[in-house]
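# Secondary and tertiary structure notes
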2 protein chains.
Amino acid sequence: MNLQNSINLYHHLNGLSRSRVPSPLKDIVKYMNEPGMISLAGGLPHPSAFPYSAMQLQIYSPEADVATVSSKSSALLDISVGKYPSLHHPNNLSTALQYSVSTGSKSLSAFLYNFVQRVLRPAYSDFEVLLHFGNTDAWNKVVNLLCEPGDYILVEEYTYPSAQAVWAPMGCCGVPIPLDKDGILPEALERVLSDWEQVHPGVRRPHLLYVVPTGQNPTGSTLPLERKKEIYSICVKYDVIICEDDPYYFLQMPDYVPPSERDSEGIAKSERVTDDSLVDKLVPTFVSLDYQGRVIRLDTFSKTMGPGHRLGYFVCNPLFSERLLRASEVTTQAPGGWSQAIIEEHLTAWKHEGLLRWFNNLRNIYTIRRDWLCDLIFSVFDVRPSSDGIADDYIVFPKGYGSDQDTGKRHMFSFNAPKGGMFLWIKLNLTSNSNYRTLKASGEGDPEGTLETKIWMEMIQEKILLAPGSYHTPIIGPNERMKQEEGVAFFRLSFSFETREDMETGVKRMAKVFERSWGVGAYEDGQKSCACLIRNRL
Amino acid sequence: MNLQNSINLYHHLNGLSRSRVPSPLKDIVKYMNEPGMISLAGGLPHPSAFPYSAMQLQIYSPEADVATVSSKSSALLDISVGKYPSLHHPNNLSTALQYSVSTGSKSLSAFLYNFVQRVLRPAYSDFEVLLHFGNTDAWNKVVNLLCEPGDYILVEEYTYPSAQAVWAPMGCCGVPIPLDKDGILPEALERVLSDWEQVHPGVRRPHLLYVVPTGQNPTGSTLPLERKKEIYSICVKYDVIICEDDPYYFLQMPDYVPPSERDSEGIAKSERVTDDSLVDKLVPTFVSLDYQGRVIRLDTFSKTMGPGHRLGYFVCNPLFSERLLRASEVTTQAPGGWSQAIIEEHLTAWKHEGLLRWFNNLRNIYTIRRDWLCDLIFSVFDVRPSSDGIADDYIVFPKGYGSDQDTGKRHMFSFNAPKGGMFLWIKLNLTSNSNYRTLKASGEGDPEGTLETKIWMEMIQEKILLAPGSYHTPIIGPNERMKQEEGVAFFRLSFSFETREDMETGVKRMAKVFERSWGVGAYEDGQKSCACLIRNRL
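From a predicted model like this one, the values you see are computed outputs, not experimental measurements. Residue numbering note: each chain is counted from 1, following its sequence as written. Here chains are named by letter from A upward and ligands by number from 1 upward, in the order in which they appear as written. Whole-chain, interface and lining totals are the exception, using all residues; otherwise, since this is a predicted model, local features are given only for residues with pLDDT of at least 70 and side-chain atom pairs are given and counted only at 80 or more. Values reported for side chains reflect all heavy atoms of the structure, with hydrogen atoms and water molecules removed beforehand.

### Let's talk about the relation of the copies chain B and chain A
Residues below a pLDDT of 70 in either copy are left out; the C-alpha atoms of the rest, at least 70 in both, set the least-squares superposition of the copies. Under the fitted operation, chain B is carried onto chain A by 0.0 Å of movement along the axis and a turn of 180°, and the coordinates agree to an RMSD of 0.0 Å. This pairing of chains is accounted for by a two-fold axis. For chain B, the residue whose C-alpha comes nearest the rotation axis is Gln56 of chain B, separated from it by 2.6 Å.

Encoded structure:
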């Protein structure tokens, strides 16, 4: 396929980024490696002053069943990095621990470039891969590349709080784009952009969309290909840069199915994939649609190798890559030498195939965990497929109330089984909660927020901690957050970390707090409440 | 000693820094560790998904003679970090590679706090130690903590280019403070501040001084205690924050003495110190004078353990530390897990004593290297102690010309033997160079710069690379650099990296270029030049 080069997007750079100049020291670096050159120009500490001699690491064989692997297991691979390079082992500590150009290891970058080309498939020819310190660092660098103080930034209606905490102190404002279980709604995005001049006369139209396309944090939604295409076209039409923050890309999962349709290891029978076919199971990336180079993709090893690496990479056009590099030179420099040396050694041992097998392995781990949580909700509550007019797949009732004719009365919350990531997002139907009606009748200004906090605090008393939905509402102005929809509240549940047993205890505790707040089950009336107390004492 | 708390310096924070708010996720972290709490609130990847089982590392015993240590040497210490913690070994990979609060490892921070208290000795009680990614990251964070676009920043007359490249694109300007071999001149600093309103009416007076007190880059100067005291007082008087960027603090050296006064290992006989007495040999830090908390000290492991760690720490007041932490949360997060785990394991094995012994070891390594370079200048050129009116210690003449009566005519450059760091700074006396006089007579706008570049390019042809002095001149306005002193040019020579042999070849090549440019030695006249050519052919 004959791909075109990226188009010129210089006009998107902010003033800071345009003003950065290459370090004059670059000239020195240029001459330093000339044959026969003796350099007294650098400022490199002598590697004899790095007090390390060699490192060995036992890594999982990519075939390892990670749920059971232990240090005693034979499914381990030994890798090691010596202090100095050898012909057959160029990776070495005296280089890894030395200053380097801020692009970092050439061979690691080359490995990733090839992997990106094969798996993520950018649709233009001159894309570049640039190492960074993980997606938090990367997003900060993107904001400082493109945004001026006071800019408006297009964000998902529920978004990651720390991602906002970068631009909010700069006086930027979020423009929330509504979401459903398949991510942001293209028509809503288009409406915001087409109406911009009318709604915000004289204000610069947003030119940056921040989106987490896979297993979105907090809603767990994953954008299907068709929506990605529509969103990309809209961004071309309105000249918007897309920042594709995609830490969960390789944690895409098959649809949730009941236990009976899974194999003995808990994976949907129809969905077990070979390592080779994994790539075809993944929704194509925004960069794979990006024939202009207007997507800045953020990838990270945080979810796949461990966040402590502080290592990831940008995929973007050469202009942005060069400006990001200029910023890195004077802020973070190249990512940590240990992380680079270890990941490089590790990927050299695993190769593309091992890495894909590992991702498939991870997909299975997190699918099993997602299913634990969904199964628990099915068993602790009554769950019914949603009726018309409700966007979520499942409506949840207190146990024993799912067959009520008057479903609206007992409809407690709704949810979707996520197809990626680590989060399940529940939407509380507060209109069925009498505490909410009382608050509302009393003229309380923010009854949704008040009740959310009350329920959250009661859960903490019951020793179950969830992330309140309101933490994720966009900041739309100085000290101003988007007003949440009337009559609903949200909580985010993570299925990535706790054991199956703790998850069960947690969901039961959550159910107890909900039932008490909704006044159902044991809490239906005074007598039942009393019965419950007595039962608890026994 | 009863130390006071730091004073309130809130008014120094810039708008960005004042606007930062703690992440709402902090509330979640607060409850997460309550006993019995089940948390589905986090977003932590499961440690079984970190494909590492254990790490082993061979580190130098701090007693090791680093010049000769090899992987076969017995002077190595084995350290290891397992995947999961044990009672006697809390440091572990599943924590190191996990997300953490942005303060990083508590035990590593505690070790460093105690070390700082014992060795660097802040003069106020509520100082804090906060990890960062090395001094480039740290300085970037300081600029973004304190500086508004357009601010003036007090800098040394010759300063590190990358340090300027952070604030220059923000539209900030440097205010150069003259230096001599003992660092910046307090009276010059006071003059700039006292005359500010008069010279820059209506412009905010600089409130940040950036200073490299030890082995300054590029000049190699080290501030003596008395000057530090004067500078600190001036900063109190004019309410200036001092950013003490001190990567070479532990690379302080004894005075340069001739080879005959050194012991068999090359250390000045009078100056070999025990590990315990090393601390007393070091010039006390700015923080040790800082009874108000107005110094932000930047320390790094780059020069002592390897730059690739990307690990260092701030010492500063709690207000600044908290704001720096808020910035880290949304930009870099905590330093890399491998670096933290390794340095922690390493320092736990070495203890304070081992670390001080290692620093003493490094002091010896770099002293020997400093002496190599100085000895070479003494042997390749004629060197005489400077006469009155020349600030530098040594005046250098072409070989064979040092005893001329008319010293000015052949005075080629002058220098000081540095007492710290990695750099030797030479000051070319262009007035004795006929090319300079010709350039000047021709009306050339910047004859110093033109000749510096010409000499630099000629050195590159001779395969010797130095860092041109002009790279280090302060940026004093948009696209405007400080004008250099008339009739001089500078080059920076590093003695940290090359072998003794390459250093010798390099200094000889430099001498050849100088002699040719100055028209002395073999280049004195046509005949000698010719003789030289013939000699080269033979």
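### Things to note about the sheet that holds strand E2 (residues 52–60) of chain A
Spatially, the four strands line up as an open sheet ordered E3(A)-E2(A)-E2(B)-E3(B), and their pairing is antiparallel. Edge positions in the sheet fall to strand E3 (76–82) of chain A together with strand E3 (76–82) of chain B, since each has one partner strand and no second. Across the sheet, the mean angle from the axis of one strand to that of its neighbour is 15°, orientation sign disregarded. Here the rule is simple: two strands pair whenever DSSP picks up at least two bridges between them. Comment: elements are numbered from the N terminus, with helices defined as DSSP H or I runs of at least four residues and strands as E runs of at least two. Summarising the sheet, E2 of chain A and E3 of chain A pair through seven bridges and their orientation is antiparallel. Looking at the pairing, Ala54 of chain A lines up with Gly82 of chain A of E3 of chain A. To get an axis, fit a line to the C-alpha atoms, keeping to the stretch in contact for a helix; angles then go from 0 to 180 degrees between the N-to-C directions.

### Here's the deal with the interface of chain B and chain A
Interfaces are often sized by the accessible area lost when the parts come together. We call two residues contacting when some pair of their heavy atoms lies within 4.5 Å. Contact residues are listed per partner, giving 108 residues for chain B and 108 residues for chain A. Summing both partners gives a buried area of about 9100 Å² for chain B against chain A, and 62% of it is carried by carbon and sulfur. Salt bridge, as applied in this entry: a Lys or Arg side-chain nitrogen positioned within 4 Å of an Asp or Glu carboxyl oxygen. For the pair chain B and chain A, the interface holds two salt bridges. Two residues, Lys463 of chain B and Glu34 of chain A, come together in a salt bridge whose shortest N-O distance is 3.2 Å. A 3.5 Å cut-off defines polar contacts: any pair of N or O atoms within that distance qualifies, except that in protein one atom must be a possible hydrogen donor and the other a possible acceptor, and neighbouring residues in sequence count only when both atoms are side-chain atoms. Between the two partners, chain B and chain A, sit 59 residue pairs in polar contact (both at pLDDT 80 or more). Here the side of chain B that touches chain A takes twelve residues from helix H12 (residues 337–380) of chain B, the largest share from any one element. Classification convention: Asp, Glu, Lys, Arg as charged; Ala, Val, Leu, Ile, Met, Phe, Trp, Tyr, Cys, Pro as nonpolar; all other residues, Gly among them, as polar. Across the side of chain B that touches chain A, the residue classes break down as 62 nonpolar, 32 polar and 14 charged. Two parts lose some accessible area (1.4 Å probe) when they are put together, and adding that loss for both gives the buried area.

### Observations concerning the packing of helix H7 (residues 186–194) of chain B against helix H9 (residues 225–237) of chain B
Residue and element names in this part refer to chain B. Taken N-terminus to C-terminus, the directions of H7 and H9 make an angle of 10°; their axes are 9 Å apart at the nearest point. Comparing their axes, H9 and H7 come out roughly parallel. Every residue of H9 that contacts H7 at Pro186, Leu189, Glu190 and Leu193 is listed here: Arg227, Glu230, Ile231, Ile234, Cys235 and Lys237. The residue makeup of the contact of H7 with H9, split by class, is six nonpolar, no polar and four charged. Each angle is binned into one of four classes, with values under 35 degrees roughly parallel, values over 145 roughly antiparallel, values of 65 to 115 roughly perpendicular, and all other values oblique.

### Focus on helix H5 (residues 135–146) of chain A
Residue and element names in this part refer to chain A. The length a helix should cover is 1.5 Å for every residue beyond the first. Taking 1.5 Å per residue as the helical rise, H5 with its twelve residues ought to reach 16 Å, and the 16 Å between its terminal C-alpha atoms agrees with that figure. Whether a residue is buried, partly exposed or exposed follows from its accessible area with a 1.4 Å probe, protein chains only, as a fraction of its type maximum: under 20%, in between, or over 50%, in that order. Among the twelve residues in H5, eleven count as buried, and that is most of the element. All of the buried residues in H5 are Asn135, Thr136, Asp137, Ala138, Trp139, Asn140, Lys141, Val142, Val143, Leu145 and Leu146.

### Topic: the pairing of strand E16 (residues 423–429) of chain A
Residue and element names in this part refer to chain A. Of all seven residues making up E16, six are buried, and the element is well covered by its neighbours. Two elements, strand E15 (residues 413–415) and E16, share three bridges in a ladder whose sense is antiparallel. By the bridge assignment, Ser414 is partnered in E16 with Lys427. Here E16 pairs with strand E21 (residues 488–494) via seven bridges, running antiparallel. Within E21, the residue paired with Leu428 across the bridge is Ala489.

No statement about biological role is implied by the geometric values presented.
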